[in-house]
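Commentary on secondary and tertiary structure
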Amino acid sequence: GAKLITIPSRFAAQVGLHSDATAVSWNDERITYSQLDARSDALAHTFIAEGVQVGDRIGVLLSPSIDLVVVLLSVLKAGAVYAPLEPEYPNERLALIIGNSQAKIVVTDGDLNVQHAFPEVRFLSCSDFRAGSERALPEIDGSCGAYIIYTSGSTGAPKGVLVSHQNVAAFLDGVSGAEICSYGSDDVWTIFHSFAFDYSVWELWGCLLSGGRLVIVPRVVPR
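Overview of the structure. (Residues numbered from 1 in each chain as written. Predicted model: local features only at pLDDT ≥ 70, side-chain atom pairs only at ≥ 80, totals over all residues. Heavy atoms only, no water.)

Some points on the packing of aromatic side chains
In this structure the tally under the stated criterion is five aromatic pairs. Where Tyr183 meets Trp189, the ring centres are 5.3 Å apart and the plane angle is 70°; that geometry is what we call edge-to-face. Where Tyr199 meets Trp202, the ring centres are 5.6 Å apart and the plane angle is 85°; that geometry is what we call edge-to-face. Highlighted residues: Tyr199 and Trp202, both in helix H6 (residues 199–208), separated by three residues, approximately one helical turn. Take Tyr199: its relative accessible area is 38%, and that puts it in the partly exposed class. (Phe/Tyr/Trp six-rings, centres within 6.5 Å; stacked < 30°, edge-to-face > 60°. Helix = DSSP H or I, 4+ residues; strand = E, 2+ residues; numbered from the N terminus. Buried < 20%, exposed > 50% of the residue type's maximum accessible area, 1.4 Å probe, protein only.)

Observations concerning the side chain of Thr32
Tracing the backbone through its elements, the reader meets Thr32 in strand S2 (residues 29–32). Polar contacts involving the side chain of Thr32 include one to the side chain of Ser34, which spans 3.2 Å. Sequence-distant contacts of Thr32, that is, excluding residues within four places in its chain, are made with Ser19, Asp20, Ala21, Thr22 and Ala23. (Polar contact = N/O pair within 3.5 Å; in protein donor to acceptor, adjacent residues only side chain to side chain. Contact = heavy atoms within 4.5 Å.)

So, the nonpolar core
Grouped together as the largest cluster of nonpolar side chains are 53 residues, with contacts concentrated most on Val24, Leu36, Phe47, Val71, Trp205 and Leu208. For this core, the element with the highest residue contribution is helix H3 (residues 66–77), accounting for nine residues. Excluding its chain neighbours within four sequence positions, the residues that come into contact with Leu208 are Phe11, Gln14, Ala23, Val24, Tyr33, Leu36, Val69 and Leu214. If you look at the next biggest cluster of nonpolar residues, it comprises 17 residues, including Val121, Phe123, Ile148 and Ala196. (Core = buried A, V, L, I, M, F, W, Y, C linked by side-chain atoms within 4.5 Å.)

What follows is the structure, encoded as structure tokens:
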């Protein structure tokens, strides 16, 4: 078959193999691969209804939760690029990332003091999500951007680094192919790092694109 070089296409393959298996667990909550697929489809259609097009940037300002994983996957299914925004960031850094990434939408469940500074940005909460549509989601290829993560800014202003779907696929294949770490559907992973830190990309997509179970670690544990 065709080489799977986008995150949604690889995830779809795992849904077909592990539909009823637990994809993500958080405290006493859990969601299966088929449920995560359906919820992220509905969210992707919400973004498209809001005018999101392939390549648009969406800021994600959420604490660790199953909703966070659903939102990140739905952004990618809509063909957009996610820009992680940690709720604990100072408002100045949040404003810099929202403005510099040219985020069209910011998804948040909290109060955000910088909203008034970005009248052109649509702020959505998870409660704004609508039911899905029967229309097909946009087709994307490996060259499309997947996420943009900003450097710490220790040597100046933070800089956004845009990473494509094929970059993620090549990284995961390289780690597995080099036998540094083999992984599969029997594995349990933790997402231990902040999703605004690039190591989280391996923890999140390494798990969900190989059929494993992702356990979201409460913030107090890594601290």
